[in-house]
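Here's the letter readout for the chains.
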Amino acid sequence: MSEKKTDILVWGQMHASLMQNLERDYSVHKLADINDIEAWADQHGTQVRGVVTSGVFGTDNAILDRLPNLEVVNSFGVGYDAVDTQYLSRRGIKLSNTPDVLNNAVAETAMALMLCVSRRISEAERFVRAGQWPNGKFPLGNDLCGKTCGIVGLGKIGKTIAKRAAAFEMNIAYFRRGRPYDDVSYRHYGDLRELAQDSDYLIVIVPGGPDTQHLIDADVLRALGPKSFLINVARGTVVDEKALVASLLASEIAGAGLDVFDDEPNVPAELLKLDNVVLTPHIGSGTYETRQAMADLVFANVKGYFEKGTLVTPVEL
Ligand code: 8YV
């Protein structure tokens, strides 16, 4: 007789190959298909040993409370701010994420947004499509070459962005509270306002969560100034969105490239009307190659945990 498969609760629509792998080897319950969570949990809650979710879906403690034998949460994405790590730690539940495999894709998204806002690519394309080219010339943009790229959060993705921006002959600077990193020679700022003041492009790539909530506030935006741009590929929570909208409407900064928002998928209506803002729907890691690598890494973590008792990329709780 074949062994009973381990029960896993999958939080939402996941990468197709990950779902295929999970459904082949595990007994998969899909949260999206469950209408009455209480009734479902009464029947299956005690069997569930694993949860598979994403950085965007996160988890909900009220649901996790109904899974008394839960051992592990495997999350698709590097950011896990939507998971209550203190809760997991209290219950002794392990967590994995997908670091490293998405460094390049997110860095490329940051570069794309930076190029797009500096050279007004989206606006220029709208100009051509609207048939405006025969009526006159399109306004000029800004070089990246020779400008200062200020990076808020010089972690693995931040360093990948720095390398790519350096290849565009930008000057690289970064913000880190306290001491500079020993392994980089980029200019260090311990004061975020000072970095903003000296940056032509301020790229935000710190983890989300309470520690970085509204790190980019009205003061930082004012310091950035009317000739400089904000790029956010981190989390919407890191930027005070109301302050950002106000600052854009008052032309206190030159523009913004935003891949993440406070209340995704809702984007403030004011931003939709602005030509100097480029808006993308949280596509930072969204390439075929990277999403496949992320899906494979989530599955390797699930397998690693249930077959060998070890996670490939555990989050220290
Ligand atoms: C999302 C991300 O997790 O890795 C992260 O932190 O924000 C993204 O990669 C991914 O889009 C979830 O589907």
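Structural data are supplied above this passage.
Not measured: the values here are computed from a predicted model.

## What about the sheet that holds strand E4 (residues 72-76)?
Item 1. The parallel open sheet is built from five strands, whose spatial order is E2-E1-E3-E4-E5. Of all the strands in the sheet, the pair left with one neighbour each is strand E2 (27-30) and strand E5 (94-96). Neighbour to neighbour, the strand axes of the sheet diverge by 20 degrees on average, direction disregarded.
Item 2. For strand E1 (residues 7-10) and strand E3 (residues 48-54), the ladder comprises four bridges, and the chain directions are parallel. Pairing of Val 10 across the sheet is with Val 52, part of E3.
Item 3. Helix H1 (residues 16-25) contacts E1, E2, E3 and E4 of the sheet and is inclined by roughly 130 degrees relative to E2.
Item 4. Lying on the sheet, helix H12 (residues 288-308) is in contact with E1, E3, E4 and E5; it crosses E4 at an angle near 170 degrees.

## Details of the pairing of E3
Item 1. Extensive coverage of E3 is indicated by the burial of six of its seven residues.
Item 2. As paired elements, E3 and E4 share five bridges and run parallel to each other. From the neighbouring strand, Val 52 faces E4, where its bridge partner is Asn 74.

## A closer look at the packing of H1 against H12
Pairs of packed helices are described in terms of their axes, by the angle between the two and the distance that separates them.
Item 1. Where H1 meets H12, the axes come as close as 9 Å, and the angle between the chain directions of the two elements is 20 degrees. Between H1 and H12, the interaxial angle falls into the category roughly parallel. Pair H1 / H12 crosses with right-handed handedness. Along the contact surface, H1 presents Ser 17, Leu 18, Asn 21, Leu 22, Arg 24 and Asp 25, while H12 presents Gln 292, Ala 295, Asp 296, Val 298, Phe 299, Val 302 and Lys 303.
Item 2. Taken together, the residues that form the contact of H1 with H12 break down as six nonpolar, three polar and four charged.

## What about the state of the cysteines?
Item 1. Going through the model one piece at a time under the given rule, you end up with zero disulfides.
Item 2. Of all cysteine sulfurs in the structure, the one in Cys 149 sits closest to Cys 145, which takes part in no disulfide; the separation is 13 Å.
Item 3. Overall, the relative accessible area of 44% leaves Cys 145 in the partly exposed class.
Item 4. Since its relative accessible area comes to 0%, Cys 149 is described here as buried.

## Structural notes on the site of the ligand
Item 1. For the ligand, the set of nearby residues contains 13 residues, the closest of which are Val 78, Gly 79, Arg 235, His 282 and Ser 285.
Item 2. Here an oxygen atom of the ligand sits 2.7 Å away from a polar atom, N or O, in the main chain of Val 78.
Item 3. One of the side-chain N or O atoms of Arg 291 is found 3.0 Å from an oxygen atom in the ligand.
Item 4. Look at the ligand: alone it shows 330 Å² of surface, and the protein chains cover 87% of it.
Item 5. Per-class residue counts for the shell around the ligand are five nonpolar, six polar and two charged.

## What about the packing of aromatic side chains?
Item 1. One pass over the structure, following the stated rule, counts six aromatic pairs.
Item 2. Between Tyr 26 and Phe 306, the ring centres sit 5.9 Å apart and the planes meet at 55 degrees, which makes this aromatic pair tilted. Of this pair, Tyr 26 sits in the loop between H1 and E2 while Phe 306 is found in helix H12, placing the two residues 280 residues apart along the sequence.
Item 3. Looking at Tyr 26, the relative accessible area reads 5%, which means it is buried.

## Digging into the nonpolar core
Item 1. One finds Leu 18, Leu 22, Val 52, Met 114, Ile 151 and Ile 161 to be the most contacted residues of the largest nonpolar core, which totals 47 residues.
Item 2. Ignoring sequence-local partners within four residues, the contact set of Met 114 consists of Leu 144, Cys 149, Ala 165, Met 170, Tyr 201, Ile 203 and Ile 231.
Item 3. Grouped together as the second largest cluster of nonpolar side chains are 31 residues, Ala 173, Leu 202, Val 220 and Ala 234 included.

## What to know about the packing of helix H5 (residues 103-118) against helix H7 (residues 156-167)
Item 1. Across the interface, H5 lies against H7 with an axial gap of 8 Å and an inter-helix angle of 50 degrees. Taken together, the axis directions place H5 and H7 in an arrangement best described as oblique. Of the two possible hands of crossing, H5 and H7 adopt the one that is right-handed. Note on element contacts: H7 touches H5 through Lys 156, Ile 157, Thr 160, Ile 161, Arg 164 and Ala 165, opposite Asn 103, Asn 104, Val 106, Ala 107, Ala 110, Met 111 and Met 114.
Item 2. Residues that form the contact of H5 with H7 fall into these classes: eight nonpolar, three polar and two charged.

## Topic: the pairing of E1
As a general feature of sheets, a regular strand has side chains that alternate between the two faces.
Item 1. The alternating pattern of E1 places Asp 7 and Leu 9 on one face and Ile 8 and Val 10 on the opposite face, and all of these are buried.
Item 2. The pairing of E1 with E2 spans four bridges and is classified as parallel. Within E2, the position partnered with Val 10 by the bridge is Lys 30.
Item 3. Read from E1 through H1 to E2, the crossover connection turns out right-handed.

Parameters at a glance
Sequence order sets the numbering: in each chain, residues are counted from 1 along the sequence as written. Given that this is a predicted model, residues contribute local features only at a pLDDT of at least 70 and side-chain atom pairs are listed and counted only at 80 or more, while totals for whole chains, interfaces and linings are drawn from all residues. Working from all heavy atoms in the structure, the side-chain values ignore hydrogens and water. Paired strands, as defined in this entry, are two strands with at least two bridges between them according to DSSP. Numbering of helices and strands starts at the N terminus; helices are DSSP runs of H or I of at least 4 residues and strands are runs of E of at least 2. Fitted lines through C-alpha atoms serve as axes, helices being fitted only where they are in contact, and the angles separating the N-to-C directions of these axes extend from 0 to 180 degrees. Note on contacts: a residue pair is in contact if any heavy atoms of the two residues lie within 4.5 Å. Only protein chains enter the accessibility calculation, which uses a 1.4 Å probe; a residue is then buried when its area is under 20% of its type maximum, exposed when over 50%, and partly exposed in between. In this scheme, roughly parallel covers angles under 35 degrees and roughly antiparallel covers those over 145, while 65 to 115 is roughly perpendicular and the rest are oblique. Working rule for handedness: look at the near helix, and if it is turned counterclockwise from the far one by less than a right angle, call the crossing left-handed; if clockwise, right-handed. Note that Gly is not counted as nonpolar here; it falls among the polar residues with everything else outside the nonpolar set of Ala, Val, Leu, Ile, Met, Phe, Trp, Tyr, Cys and Pro and the charged set of Asp, Glu, Lys and Arg. By convention in this document, the label disulfide applies to cysteine sulfur atom pairs within 2.5 Å. Near, as used in this document, describes a residue that has one of its heavy atoms within 4 Å of the molecule or strand being considered. A 3.5 Å cut-off defines polar contacts: any pair of N or O atoms within that distance qualifies, except that in protein one atom must be a possible hydrogen donor and the other a possible acceptor, and neighbouring residues in sequence count only when both atoms are side-chain atoms. Using a 1.4 Å probe, the Shrake-Rupley method yields the accessible areas, and only the shown protein chains count as cover for residues. Here the aromatic set is Phe, Tyr and Trp, taking the six-membered ring for Trp, and pairing holds for ring centres within 6.5 Å; pairs whose planes are under 30 degrees apart are stacked, those over 60 apart are edge-to-face, and all others are tilted. Put simply, a nonpolar core is a bunch of buried Ala, Val, Leu, Ile, Met, Phe, Trp, Tyr and Cys residues held in one set by side-chain atoms that sit within 4.5 Å of each other. With the strands aimed away from the viewer, a crossover counts as right-handed if its path from the first strand over the helix to the second runs clockwise.

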